[in-house]
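The residues making up each chain are set out below.
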Amino acid sequence: MLMLISPDRIPAQLRGIANPPTQLYCRGELLPSDWRAVAIIGARRPLHSAAQVRAERVAYLAVAQGFCVIAGLAQGVDSWAHQAALDAGGRTVAVLAGGVGIVAEGVSSLAPRMERQGALISERSPYYRPQAPDFPLRNRLITGIAALVIVIDADVRGGTMRAVEYAQAQGRPIFALPGSAGCDQFIARGWAQAIATPSELRTHLRGL
């Protein structure tokens, strides 16, 4: 099901960010509870050998605490988080850089399940093909929706760095798992709080 979300139905936390979306296209079904979300972000080609296990454990934990998992449906950390949320019977939402009618081949198998257990959303028209600048720009929506941002694995450059910058500007709590160059840098600079294991997040999630 494809629908247009009018401005008055866009959640307040997203309307309040810098450069907010004026409209959102949705493929699937959004529930009011989906706006209570945890963003799980990281590299498409992770550097840490345990990145997949970490992403899956964090997603399972978020679902167990009643949160929707939000990510960008890219290969790597994003797709692992989406898949784990689905497998746990939870809700998950993907924010796409392009239109919701176009899903990248490597992750397209997740789309039908996400339509049943969440949604794919975008501020772009349904069949818009994304350009390079669209990918970092959409990260402001991922972090803008989230109550909390968790970085699983990151390089010192790229989309994850931009997402962390957006999360900082939006005042979102940021947590990072040490072990990759980007995460270690975020922690060292005080941009993110270190968590040694995904289970350490439980206390922080309970407080939201």
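For the structure given in this document, a descriptive report is provided here. (Residues numbered from 1 in each chain as written. Predicted model: local features only at pLDDT ≥ 70, side-chain atom pairs only at ≥ 80, totals over all residues. Heavy atoms only, no water.)

Let's talk about helix α3 (residues 77-87)
Now for step 1: With eight of its 11 residues buried, α3 lies for the most part within the structure.
Now for step 2: What α3 keeps buried is the set V77, D78, S79, A81, H82, A84, A85 and L86.
Now for step 3: Residues of α3 that are buried make contact with β3 (37-42), α2 (51-64), β4 (68-71), β5 (92-95), α4 (111-116) and β7 (148-153).
Now for step 4: Positive phi shows up at G89, right after α3, with a value of about 80°. (Buried < 20%, exposed > 50% of the residue type's maximum accessible area, 1.4 Å probe, protein only. Helix = DSSP H or I, 4+ residues; strand = E, 2+ residues; numbered from the N terminus. Contact = heavy atoms within 4.5 Å.)

Observations regarding empty space enclosed by the protein
Now for step 1: Summed over the entire model, instances satisfying the criterion amount to one cavity of 30 Å³ or more.
Now for step 2: Taken as a whole, the largest cavity encloses approximately 40 Å³ of empty space.
Now for step 3: As for the largest cavity, its lining consists of L96, A97, S122, E123, R124, D134, L137 and R138.
Now for step 4: Of the residues forming the lining of the largest cavity, the biggest block, three residues, is contributed by helix α5 (residues 134-145).
Now for step 5: For the lining of the largest cavity, the residue count by class is three nonpolar, one polar and four charged. (1 Å grid on protein atoms, 1.4 Å probe; cavity = no way out; pocket = protein on both sides within 12 Å on 5 of 7 lines; lining within 4 Å. Points joined across faces, edges and corners; volume = space filled by probe spheres on them. Nonpolar A, V, L, I, M, F, W, Y, C, P; charged D, E, K, R; others polar.)

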